[in-house]
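Architecture and fold: a report
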Amino acid sequence: MQITGSNVAKTTESHIEKLSKNGAGRSIDYSNVQITNELNRDTDKLAQDLRGFIRDQVTIFKKKGVVLGVSGGVDSAVALTLCVQEFGKENVYGILLPEKESAPSSRTLGAEICESLGVSYEEVPISPIIEALGIYGKKEQIIKRTCPEYDPEVHKTSLVLPDFLNQGLLNVPYIRLIKDGETVARYRLKANDYLELIGLQNVKQRSRMIVQYMYAEKMNYVVCGTTNKTELVLGQFVKYGDGGVDIEPLADCYKTQIYALAKHLKVNEAIIKRPPSADTWSHYTTDEEFYWRMPMHIMDQLLYAQEHKLPIEITEKNTGLPRDTIEKAWRHIDRVRDTTEYVRATPPVYYLGK
């Protein structure tokens, strides 16, 4: 995924540099740095810069407008709002892409924000694509093999990882069975079954992108992505799925900044309060339960501190975490980065004559 522009990182880094200037050889004083405040500063300017970026990129691509998959989540809501503010509702088209395991609220909230902005939109269920490839059946076979009492008529399912802050580096995925809203069983997944499940689930995001490009090419529009910086750094997107887009206006904004933008842009409060999720399991599974393994505000502060090389004492002060937990978390983040490097990489090209 190619990222153009780094206004947010430059803004925050510039501010930290101002805080640490000493001019007389004094030691750098980071004691007043509040990471959350840094992430939430200059939101109005950030929104303005993002609108300018969207305008510039659409012009460079020589397109007439923007197509955007609207999920009912905060990222797509912010991206949609910025596109409408820059191009007008008549040049933005929303597509709702539910499937049979999507939460009903995804469709409801997605339609509501399109209607509130006056954006034309269409609902294109992707379940027929998923079913044609046998994805649901293959997924069910793995879950039945792992969870003997699993009954698809009775149980909803989710894939989760242990809470990092309480269980450390242990990274064993397990299937959770939910009945009437309550967890009734948990089963550890074998490595091969986990990899197959991820591959099956990723077909959903790739199917959604097929539909978005079908509409974008018909309308001569760009496809706008909704990946944020927290997801980008951790490789939390699907290659040639939600990562396969024309522009990524939010990819230098941490998730914390997305929420600040949502409030600034007056996005529906129900969307802001909704826990972030890929929404690909029959039980609504949050990013904190599966990918981040810790609260979002903690993850963002750890990523920010690592990016800006803040002293561990300041990271302790900001996160409230003990030093050993922070050090383990940074090692965990580095490992995730390394493991997902192939997701961010463009295909290597062999050049003749070299």
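Look a little higher up for the structure.
First, a word on what this report is: a plain description of the structure on this page.

So, how was this worked out
- Residues numbered from 1 in each chain as written.
- Predicted model: local features only at pLDDT ≥ 70, side-chain atom pairs only at ≥ 80, totals over all residues.
- Heavy atoms only, no water.
- Pairing = 2+ DSSP bridges.
- Helix = DSSP H or I, 4+ residues; strand = E, 2+ residues; numbered from the N terminus.
- Contact = heavy atoms within 4.5 Å.
- Axes fitted to C-alpha atoms, helices over the stretch in contact; angles between N-to-C directions.
- Buried < 20%, exposed > 50% of the residue type's maximum accessible area, 1.4 Å probe, protein only.
- Core = buried A, V, L, I, M, F, W, Y, C linked by side-chain atoms within 4.5 Å.
- Phe/Tyr/Trp six-rings, centres within 6.5 Å; stacked < 30°, edge-to-face > 60°.
- Lys NZ or Arg CZ within 6 Å of the ring centre and 35° of its normal.
- Salt bridge = Lys/Arg side-chain N within 4 Å of Asp/Glu carboxyl O.
- Expected span 1.5 Å × (residues − 1).
- Polar contact = N/O pair within 3.5 Å; in protein donor to acceptor, adjacent residues only side chain to side chain.
- Parallel < 35°, antiparallel > 145°, perpendicular 65-115°, else oblique.
- Nonpolar A, V, L, I, M, F, W, Y, C, P; charged D, E, K, R; others polar.

**Concerning the sheet that holds strand 7 (residues 222-223)**
- Spatially, 3-2-1-7 is the arrangement adopted by the four strands of the open sheet, whose pairing is parallel. Two strands in the sheet have a free side with no partner beyond their single neighbour: strand 3 (120-123) and strand 7.
- Looking at chain direction, strand 1 (residues 66-69) and strand 7 are connected through two bridges and run parallel. Looking at strand 7, one finds that Val67 is bridged to Val223.
- On top of the sheet, helix 4 (residues 74-87) reaches strand 1 and strand 2 (92-96); it is set at about 165° to strand 1, its chief contact.

**Details of the environment of Lys190**
- Assignment of secondary structure puts Lys190 in the loop between strand 6 (182-188) and helix 9 (191-219).
- Given the relative accessible area of 63%, Lys190 is considered exposed.

**Examining the side chain of Thr280**
- Residue position: Thr280 is located in the loop between helix 12 (269-273) and helix 13 (287-292).
- Residue classification places Thr280 among the buried positions, given a relative accessible area of 7%.
- If near-sequence neighbours (up to four positions away) are discounted, Thr280 is found in contact with Glu99, Glu101, Lys139, Gln201, Lys204, Gln205 and Arg208.

**Focus on the nonpolar core**
- Ranked by internal contacts, the top residues of the largest apolar core, which has 63 residues, are Ile54, Val78, Leu80, Leu82, Val267 and Leu302.
- With nine residues, helix 4 is the single largest residue contributor to this core.
- When sequence neighbours within four positions are dropped, the list of residues in contact with Val267 reads Ala77, Thr81, Ile113, Ala262 and Ile272.
- Membership of the second largest hydrophobic core comes to 31 residues, among which are Ile135, Ile143, Tyr150 and Val223.

**Here's the deal with the sheet that holds strand 5 (residues 174-179)**
- On the basis of which strands lie adjacent, the open sheet formed by three strands has the order 4-5-6 and antiparallel pairing. For this open sheet the edge positions go to strand 4 (156-160) and strand 6, each flanked by a neighbour on one side alone. Averaged over all pairs of adjacent strands, the angle between their axes in this sheet comes to 25°, without regard to strand direction.
- Sheet topology places strand 4 next to strand 5; five bridges connect them, and they run antiparallel. Residue pairing for strand 5: Leu159 is matched across the bridge by Ile175.

**Here's the deal with the packing of aromatic side chains**
- Counted by the stated rule, this structure contains two aromatic pairs.
- Sitting over the face of the ring of Tyr136, Lys100 holds its NZ or CZ atom 4.3 Å from the ring centroid.

**As for the pattern of salt bridges**
- What the rule picks out here adds up to 16 salt bridges.
- Between Lys255 and Asp75 there is a salt bridge, with its nearest N and O atoms 2.6 Å apart. In this pair, Lys255 sits in helix 11 (residues 255-264) while Asp75 sits in helix 4, placing the two residues 180 residues apart along the sequence.
- With a shortest N-O distance of 3.3 Å, Glu341 and Arg344 are connected by a salt bridge. With Glu341 and Arg344 both in helix 17 (residues 341-344), this residue pair falls three residues apart, about one helical turn.
- Overall, the relative accessible area of 15% leaves Arg344 in the buried class.

**Re helix 4**
- The end-to-end C-alpha distance of helix 4, which contains 14 residues, comes to 20 Å, matching closely the 20 Å that a straight helix rising 1.5 Å per residue would cover.
- Two residues or fewer after helix 4 comes Gly88, characterised by a positive phi angle close to 90°.

**Topic: the side chain of Thr230**
- Considering the arrangement of structural elements, one finds Thr230 in helix 10 (residues 229-234).
- A residue is classified by how much of its surface remains accessible, and Thr230, at 0% relative accessible area, is buried.
- A polar side-chain atom of Thr230 sits 3.0 Å from the main-chain amide nitrogen of Lys255.
- With sequence-adjacent residues up to four places away left out, Thr230 is seen in contact with Cys253, Tyr254, Lys255, Trp292, Met299, Asp300 and Leu303.

**With respect to the packing of helix 14 (residues 296-307) against helix 16 (residues 323-339)**
- Contact geometry of helix 14 with helix 16 gives a least axis separation of 11 Å together with a crossing angle of 80°. Comparing their axes, helix 16 and helix 14 come out roughly perpendicular. Taking contact as the criterion, the partners of Met299, Leu302, Leu303, Ala305 and Gln306 in helix 14 are, on helix 16, Ile326, Ala329, Trp330, Ile333, Asp334 and Arg337.
- Considered class by class, the residues forming the contact of helix 14 with helix 16 number eight nonpolar, one polar and two charged.

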